[in-house]
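# Fold and geometry: a report
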Amino acid sequence: MSDHNDVHLEPTPGERFSKFLKRGDIRETLAWAAFYTAVFVVLGAYFYPKWMPTVMSTDMKAIERLMVVFTFISAPVCGFVMSIFTQTLRHRHKGDTPPPDGPMIRNNRLGVAVFSGVASLLTLTAVIYGLIELNSSAEAATKDAPNALVVEVTGNQWVWSFNYPSLGVESNMLNLPIDRPVIFRITSADVNHSFWPVQLGVKADANHLATTLAQTTPTKLGTIDVKCAELCGLYHAYMETSGEVMTVSDFNNWVTAQGGHSA
Amino acid sequence: MTTLSQQVSNRPIPNPKKSLITRLNMGTGLIVGIAFALATYYSMQTTLDDATLNFQRNNQVLLATMFMWSIGFLVGIGAFIGPFRWLIGKDLTAEEQLYLAGDGQGIKRYFKYCTDHKVVGIQYLWGVIAMLAVGGSMAMMIRTQLAQPGAKFITPSIYNSLVGLHGITMIVAMIIVATGPFGNFIMPIMIGAADMAFPRLNALSWWVLFTAIPVLCSAWFLGGIPTGWTAYAPLSVQAGPGMNAFIATIIIFAVSTAVAGANITATVISMRAKGMTWNRVPIFVIGATISVALAVPAFPTFMVAMIQTAMDRTFLTGFFDSNVGGSGWLYAHLFWIMGHPEVYVILLPGVAILMEIVPVFVRKPLFSYTAAVVGFAGIAGLSVLVWAHHMYMSGWLPMLNGPFMVTTEMISIPTGLIFLVILGTLWNGKPWLKVPMLGVYAFLWNMLIGGITGLYLSDVPADNYLHGSMYVTAHFHYTLMGAALTGAVAGLSYWYPKMTGRMLNERAGYISFWFVQIGFQILYLGMFIAGAEGQPRRVSDYAQMYANSNRISTFGAYLIGTGFIVLLWAVIHSWRNGVIAPMNPWGAKTLEWTVPYPVPLVNFDTPPVVTSDPYGYGKAVK
Amino acid sequence: MTNTKRAASAILSTLLGIAVVGAVGITLHTLSADALRGKLVATKSADTITVDGKNYPKASVTMGVYPDRATAVEHGSKPTKKDYVQYGPSNHVVLPAHTYVTMTLHVYDSGDKLNNPYFGKVVGTIGGTINIDGVDVSSVAPDAVQHTFTLHGLPTSSQDPLFVNVPLPHVEVNDKDEFIPTKDPGTNNKGHTVVFSFLTGGKGEYVFNCEYPCGDGTYANFGAAMGAYGYMSGKVTVA
Ligand SMILES: [Cu+2]
Ligand SMILES: [Cu+2]
Ligand SMILES: [Cu+2]
């Protein structure tokens, strides 16, 4: 290493770092890492929104954003792992005899420290971001509660039923007016179920003799698929129904047709 | 010069005419077990009060029958001879102990209550292979049903049973897949011990587990189980007679893991070779020990949950029945307090095997042994604090979702260390891509995907969408199958020469590897998409919109199935016809490669003395 | 062993392995095929009927609910399930698409309370009513129900939604002998006859199950006959 040093001065950390960056293996690693990071970023940003269903509520919007952001946070980790993965495979040893001895590197405290530090920071970012989202949805829920439409959801083996107490309507369909907060009060007539109106980004278990609350605001007109996300026996797969996010006048017409009174 | 093992072999066996020990084997076990079961079944059928509800009565009879089968089998195979001798103030004679070790009994010892850890290891290996084969076949059935929408293949009840029994068969198999065969066969040699700390308990742990296998199979003939392997109450309290088989299996299995866990832990603590200080212990031993030590506190809670379920079903106690003040949440807690540590019980030994493999095949020391140990310990420590991340949506206590999210995401830090150790060992090395080494690369990719998708799932808002969907199924298959099973298969091809004296057929190994790994990516890519699109898990039928992703998944599953059949062929074929293996085919430095095949009864002629850790590969760097 | 022989052994063993798994699959498939005891195909008639200004062909189908095996030949064959209540003669009903289907159910069971009173309401039939022994009603008291016929399916873009809920009134006799049906459904007047009509949409696969807790002795009474496929559950194919 000390081929051209005539002055025996310890190099400054800055010099050591720039020298480190000039090493061939380090450059290769960084290049691959950058490449894979970019790949993961693009994949996450493109595919999750493509695969996930239509965003029809405030919560669903937050969820989709979260999926994308989390992909960004984890992309550098993927980049680093896949970089060494690719690089060592490119230098693989061929033949039927064991490879020659590699460098005897037993540890690298700085390396371990930097890696752990970066990993912890990324984790911390994910944790903080998640907590902020959690908190903001809780805040929105408190703010919206007073003028919300209450829907009592009952899971039965293997059919959902919905009761709109303020409207005097009972139905097997989950119809909702657009842009009005809705509070789901979820319970079960028998075993555990999990109420999942897919496009609304809401999920909550239905437990017998207990009420679980969930809240959101539908923001887009369209069909909602309501599913059960907790194995509940024989016809769990068929414990599905649908519903619609409607304009307020359509919703009122539906309520009247069901024999209820308009809100 | 006669070696110690030859001296041992020349010792007389106990008088074959008189000693009961020499007459007991699996056959007598089956006879006594079945006799106990039949006697219990018929005596209870005739004596039980007719007025008791049919449902309760059935459950009482079936559970009692299953437990009595297990006890009867153990009596019949001679598991209680030692304790019985102690009861009357004696112990086994030296000859009898040698006989129990299977000394000089050839293939017969595999069907006996044999205390030799190498025999127990092989018994576990075949037990695991059988379980994986059955569980894998069930997976093929599940994927066939899901190949197209419309539930055209099997009924929803058969489907639900397949889902539950595939789940529990695979979970049980995966818990023992590394610590069973390798923890028993290889690990004692690796630490320079003559046997396990408690050889008779070792035999007991295997044969107890063995009795659970027919019990679990009986679920099929009792109408199956509708609950999945999580067996959530109150669904499990409502379920038909097949549920009793599930309950009995878990209780029996929990006994087996407790015995095995205590034994392995004690062995590693007290039986290490002279000079093998804690920082010289091979990393597989560390991983396996932390894994079983984690299982020891985890499994009893599952056992308790199952006992309570059984009581709800037989005596209407109502632990989980909200009508009488019980709660399904209680079950969920007990289950997941076991359930989350359990995934690391499965994962750690698999990872540790790969950490054992990497240095050998890149000829470099294991990078940062300390980081590996801290990583394992950190994962194990945190894993007991995260269980309620499975209950974010349960409505139990939404206030605690935040804290559980924090602890869960913190696990990515020690997991990162595990990656770092493997990557650091690979760094600037020239990997020798033999079959075991391929597993390391498969692990890196699979665990990366499994880990990152786990990050989404650990986040409460994202889990609002993903919980209970196919996304979860794909995620945990990436960790349990893509990472842990890959590690175990790598371990099998790595240690196969030591366990059988022959090399595992290499070409078949490669073919199997590529079929399995490519099929795996296809299967679970399809499943991630289906989950992101909103398909719930454990459904016997689905809407048309998921047809494409499911078809892709089924295609991948068939590739995996084919790959594993090829592997099975290789294991059987090479066992008899493989190339004779040299003592140390990979040039590894751990102790198990210093003993010949067949491994002598007491492993080492002279107890080894250890002077360094086993990772001294490589040229010193300037 | 030569390379060719080894390769042949590997390929043959692999095919054998696939065949074994395939055989298990075929066995399960065969078992599944029996579970519903054949198909019950609705009888089409030449008549048509106008509903909301549109013309529909008519079809009819007759089924029954049998309280236990002793009373119905078509009942399940498993001895352990001999006291399971069951729909019959088959649990797989085939209905024509875009048709006015009239269903007649002969029901003979006693009953008690629904777990969820919602299923006492009639949903999804023509006029929102059912005809019980000649009287039109739009609901049955939730504590006087013996079973329900609840027809539903996956909501999917590729098939029309279909939801029908028909509560079946219980028979108010405690002595079972008095309302035991004969082999020929409908000849015993101690039971009830429930008639209702609904419109099918396009082709599709649906399921029906009962919402009355008749799985005796189990949690929420939804185990036993309720949890075993082909007793209080079945499927409806609109073809
Ligand atoms: Cu469900
Ligand atoms: Cu977990
Ligand atoms: Cu019923």
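Residues numbered from 1 in each chain as written. Chains lettered and ligands numbered in written order. Predicted model: local features only at pLDDT ≥ 70, side-chain atom pairs only at ≥ 80, totals over all residues. Heavy atoms only, no water.

Looking only at helices and strands, chain A has five helices and ten strands in total. Rg of the C-alpha trace for chain A: 28 Å, well past the compact-globule value of 18 Å for 263 residues, more than 25% over. Projected onto its principal axes, the C-alpha positions of chain A cover 95 × 45 × 30 Å. Taking all 263 residues of chain A together, the buried fraction comes to 51%. Restricting the contact set of chain A to residue pairs at least 6 apart, pairs at least 24 apart contribute 68%. Computing the positive centroid from 19 side-chain charges and the negative centroid from 23, chain A places the two 10 Å apart. (Helix = DSSP H or I, 4+ residues; strand = E, 2+ residues; numbered from the N terminus. Rg over C-alpha atoms; globule rule 2.2 N^0.38 Å. Buried < 20%, exposed > 50% of the residue type's maximum accessible area, 1.4 Å probe, protein only. Contact = heavy atoms within 4.5 Å. Lys, Arg positive; Asp, Glu negative; His and termini not counted. Charge placed at Lys NZ, Arg CZ, Asp CG, Glu CD.)

Attention now moves to the coordination of the copper ion (ligand 1). All names here are of chain A. Bound to the copper ion (ligand 1) are the protein donor atoms Cys 228 (SG), Glu 230 (O), Cys 232 (SG) and His 236 (ND1), situated 2.1 to 2.5 Å from the metal. With four donor atoms in place around the copper ion (ligand 1) and angles of 85 to 127 degrees between them, the coordination shape is tetrahedral. The sequence pattern formed by the donor residues of the copper ion (ligand 1) is C-x1-E-x1-C-x3-H. Assessed through its relative accessible area of 0%, Cys 232 is described here as buried. (Donors = N, O, S within 2.8 Å, 3.2 Å for Na, K, Ca; no water. Tetrahedral: all angles 85-135°; square planar, octahedral: opposite > 155°, others 65-115°.)

Next up on the list: the pattern of salt bridges. Taken as a whole and judged by the stated rule, the model has twelve salt bridges over all chains. The partner of Glu133(A) in a salt bridge is Arg65(A), with the nearest N and O atoms 3.1 Å apart. Of this pair, Glu133(A) sits in helix α4 (residues 109–144) while Arg65(A) sits in helix α3 (residues 58–90); the two residues are 68 residues apart in sequence, bridging distant segments of the chain. Classification of Glu133(A) by relative accessible area gives buried; the value is 8%. Arg200(B) is the salt-bridge partner of Asp91(B), the closest N and O atoms lying 3.4 Å from each other. On the criterion of sequence distance, the pair formed by Asp91(B) in the loop between α4 (81–87) and α5 (94–100) and Arg200(B) in helix α10 (residues 199–221) is long-range, its members being 109 residues apart. Residue Asp91(B) is classed as partly exposed on the basis of its relative accessible area, which comes to 35%. Overlapping salt bridges bring together Asp96(A), Lys434(B) and Glu506(B) as one network. (Salt bridge = Lys/Arg side-chain N within 4 Å of Asp/Glu carboxyl O.)

Turning our eyes to something else, we now look at the domain arrangement of chain A. Residues and elements named next belong to chain A. Domain assignment breaks chain A into domain 1 (12–91 + 106–143) and domain 2 (148–257). For domain 1 versus domain 2, the separation of C-alpha centres amounts to 36 Å. The partner domain 2 presents 15 residues to the ten residues of domain 1 that form the contact. Where domain 1 packs against domain 2, one counts zero salt bridges. At the boundary of domain 1 and domain 2, one finds nine residue pairs in polar contact (both at pLDDT 80 or more). Considering each element in turn, the side of domain 1 that touches domain 2 owes the most residues, four residues, to α3. (Domains from an automatic or database assignment. Polar contact = N/O pair within 3.5 Å; in protein donor to acceptor, adjacent residues only side chain to side chain.)

What follows concerns the interface of chain B and chain C. With 32 residues of chain B at the interface, the matching set in chain C holds 29 residues. Carbon and sulfur atoms make up 70% of the area that chain B and chain C hide from each other, which totals about 2500 Å². Three residues, Gln238(B), Ile565(B) and Trp569(B), lead the burial of chain B against chain C; their summed loss comes to 24% of the area buried on that side. Here chain B is connected to chain C by zero salt bridges. The interface formed by chain B and chain C holds four residue pairs in polar contact (both at pLDDT 80 or more) in total. Elements supplying a minimum of two residues to the side of chain B that touches chain C: α3 (54–77), α6 (117–146), α7 (156–176), α11 (235–238) and α22 (547–577) of chain B. Ranked by residues supplied to the side of chain B that touches chain C, first place goes to α22(B) with six residues. (Buried area = accessible area lost by both parts, 1.4 Å probe.)

Let us look at the sheet that holds strand β5 (residues 92–95) of chain C. All names here are of chain C. Sheet architecture is open: six strands sit in the order β1-β5-β13-β12-β9-β10, paired in mixed fashion. The sheet terminates laterally at β1 (40–41) and β10 (164–169), the two strands that pair on one side only. Summarising the sheet, β1 and β5 pair through two bridges and their orientation is parallel. Following the sheet pairing, Leu 40 is matched in β5 by Val 93. (Pairing = 2+ DSSP bridges.)

Glancing now at the environment of Leu62(B). Tracing the sequence through the fold places Leu62(B) in helix α3. Considering only alpha carbons, one finds Leu62(B) and Gly325(B), 263 residues apart in sequence, at a separation of 27 Å.

Once that is clear, we can look at the coordination of the copper ion (ligand 3). Residue and element names in this part refer to chain C. Within the protein, the atoms that donate to the copper ion (ligand 3) are His 147 (ND1), Cys 210 (SG) and Cys 214 (SG), at distances of 2.1 to 2.2 Å. Read from N- to C-terminus, the donor residues coordinating the copper ion (ligand 3) fall into the pattern H-x62-C-x3-C. Taken together, the residues span a long stretch of sequence, with His 147 in strand β9 (residues 145–152) and Cys 214 in the loop between β12 (204–209) and α2 (224–227) at a distance of 67 residues. With respect to class, His 147 is no different from Cys 214; both count as buried.

Further remarks concern the packing of aromatic side chains. This structure, assessed with the given rule, holds 68 aromatic pairs over all chains. On the basis of an interplanar angle of 50 degrees and a centroid distance of 5.4 Å, the ring pair of Trp69(B) and Phe73(B) is categorised as tilted. Separated by four residues within a single helix, Trp69(B) and Phe73(B) lie in helix α3, roughly one turn from each other. Ring pairing ties together the aromatic residues Tyr46(A), Phe47(A), Tyr48(A), Trp51(A), Phe70(A), Tyr129(A), Tyr456(B), Tyr471(B), Tyr478(B), Phe520(B), Tyr524(B) and Phe528(B), which thus form one cluster. (Phe/Tyr/Trp six-rings, centres within 6.5 Å; stacked < 30°, edge-to-face > 60°.)

Residue and element names in this part refer to chain A. The five strands lie next to each other as β3-β2-β1-β5-β8, forming an open sheet whose pairing is mixed. A strand with exactly one partner marks an edge of an open sheet, and here the two such strands are β3 (169–171) and β8 (212–216). Across the sheet, the axes of successive neighbouring strands diverge by a mean angle of 20 degrees, strand direction being ignored. On top of the sheet, helix α5 (residues 248–257) reaches β1 (149–156), β2 (159–164) and β3; it is set at about 90 degrees to β3, its chief contact. (Axes fitted to C-alpha atoms, helices over the stretch in contact; angles between N-to-C directions.)

What follows concerns the interface of chain A and chain B. Taken together, the contact pairs 81 residues of chain A with 86 residues of chain B. Between chain A and chain B the total buried area reaches about 7400 Å² when both faces are included, carbon and sulfur atoms providing 67% of it. Three residues stand out in chain A for area buried against chain B, namely Trp51(A), Arg106(A) and Leu231(A), and they jointly supply 10% of the buried area on that side. On the surface where chain A and chain B come into contact, there are three salt bridges. Where Asp96(A) meets Lys434(B), a salt bridge forms, and the shortest distance between an N and an O atom there is 3.0 Å. Counting across the interface, chain A meets chain B through 33 residue pairs in polar contact (both at pLDDT 80 or more). Listed by contribution, the elements that provide at least two residues to the side of chain A that touches chain B are α2 (24–51), α3, α4, β7 (204–206) and β9 (222–228) of chain A. Among the elements that take part in the side of chain A that touches chain B, α3(A) stands out by supplying 16 residues, more than any other. Residue composition of the side of chain A that touches chain B, grouped by class: 45 nonpolar, 24 polar and twelve charged. (Nonpolar A, V, L, I, M, F, W, Y, C, P; charged D, E, K, R; others polar.)

Here we come to the packing of α3(A) against helix α18 (residues 435–458) of chain B. One way to put it is that α3(A) packs onto α18(B) with a least axis distance of 10 Å and a crossing angle of 170 degrees. On the basis of their axis angle, the class for α3(A) and α18(B) is roughly antiparallel. Taking contact as the criterion, the partners of Met67(A), Phe70(A), Thr71(A), Ser74(A), Cys78(A), Val81(A), Met82(A), Phe85(A), Thr88(A) and Leu89(A) in α3(A) are, on α18(B), Tyr441(B), Leu444(B), Trp445(B), Leu448(B), Ile452(B), Leu455(B) and Tyr456(B). Residues of the contact of α3(A) with α18(B), tallied by class, amount to 14 nonpolar, three polar and no charged. (Parallel < 35°, antiparallel > 145°, perpendicular 65-115°, else oblique.)

A few words on unusual backbone geometry. Of note, the bond from Gln157(A) into Trp158(A) is cis; its omega dihedral lies within 30 degrees of zero at 5 degrees. The residue Trp158(A) is located in the loop between β1 and β2 in this model. A cis amide bond links Tyr597(B) to the next residue, Pro598(B), at an omega of -10 degrees. For Pro598(B), the location among the structural elements is in the segment after α22. Not every positive phi belongs to a glycine, and Ala220(C) is a case in point at roughly 55 degrees. Looking at the element boundaries, Ala220(C) is found in the loop between β12 and α2. For Ala220(C), a relative accessible area of 19% translates into the label buried.

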